[in-house]
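Chain by chain, the residues run as shown.
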Amino acid sequence: MSELDGEVPRLPATIRTDVQILWDYHKMGHELRRVDVGVGLGSHDLGVATHAAQLYHQGLFPHVVFTGANAPTTLQRFPRGEAVHYREHAISLGVPAEAISIETTATNTGENLTRTRELLHRNGIHPASIILISRPYQQRRAYATCRKVWPEVDVLCSSQSLPLDEYIAGIGDVGRVITMLVGDTQRITEYARRGFAIPQHMPAAVRAAFQRLVDAGYTSRLV
């Protein structure tokens, strides 16, 4: 369901509680402090670059890396690549061009992190601490992946602090948000099983909400 003729997309009442449970689960709730580098993870959500610019202006890091090529869900929205569009948007929000690096080849979160680390190291930057900036419902998976593939770095996670309904309105597509939430929830356990991420506790209420949404047909982003 996409936004048409100015109509605000609405979350169906029958699944609202389950979607909210997943939405809340993925937030890490980290208290931010100044770090060496910010890392903006590419996606369909330009709010990642907006939030990265906000954190830069708050003095939380002196340099930010935007990382991401394209996925099928972003090719039309960001035809020059996720990182390139993120950089342009951050510059439009006042982040100096010299404070931004881009990594333009990564197509998954593991590559986002390992290729960002390689880019930084090639430029003589060896961060001890980073803030990962992502979509709100990517925080937990990004954290778990980073702890697996970049264990020596101190990692915090942050996203735009938006209520669920406001986020859906900004994306303009209820179905996309729900299917991405369901997909990311599955990946918490599946990627740990495959060795891509460290395990994360998943409460029974989250597992049950996930299964009800799968049963309701929100399965297009399952692996």
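See the structure printed just above.
Figured I'd write up the structure that's included with this text. These figures come from a predicted structure and were not determined experimentally. (Residues numbered from 1 in each chain as written. Predicted model: local features only at pLDDT ≥ 70, side-chain atom pairs only at ≥ 80, totals over all residues. Heavy atoms only, no water.)

Buried within helix H1 (residues 16-25) are the following residues: Asp18, Val19, Leu22, Trp23 and Tyr25. In a view along the axis of H1, the buried residues occupy a sector of 165 degrees, so they form one face of it. Where H1 is buried, its residues touch helix H5 (139-149), helix H6 (164-171), helix H7 (174-193) and helix H8 (204-215). (Buried < 20%, exposed > 50% of the residue type's maximum accessible area, 1.4 Å probe, protein only. Helix = DSSP H or I, 4+ residues; strand = E, 2+ residues; numbered from the N terminus. Arc of directions from axis to C-beta. Contact = heavy atoms within 4.5 Å.)

What sets the pattern is the α-helix's 3.6 residues per turn: residues three or four places apart point alike. Within the sequence span of helix H3 (residues 82-92), burial applies to Glu82, Ala83, His85, Tyr86, His89 and Ala90. The buried residues of H3 all sit within an arc of 160 degrees when viewed along its axis, so they share a single face. Where H3 is buried, its residues meet strand E1 (37-41), helix H2 (47-57), strand E2 (64-67) and strand E3 (100-103). Positive backbone phi, approximately 95 degrees, marks Gly94, located one or two places after H3.

This part is about the pairing of E2. The alternating pattern of E2 places Val64 and Phe66 on one face and Val65 and Thr67 on the opposite face, and all of these are buried. As judged from the four bridges shared by E1 and E2, these two strands associate in the parallel manner. Following the sheet pairing, Gly38 is matched in E2 by Val64. The pairing of E2 with E3 spans four bridges and is parallel. By the bridge assignment, Phe66 is partnered in E3 with Ile102. (Pairing = 2+ DSSP bridges.)

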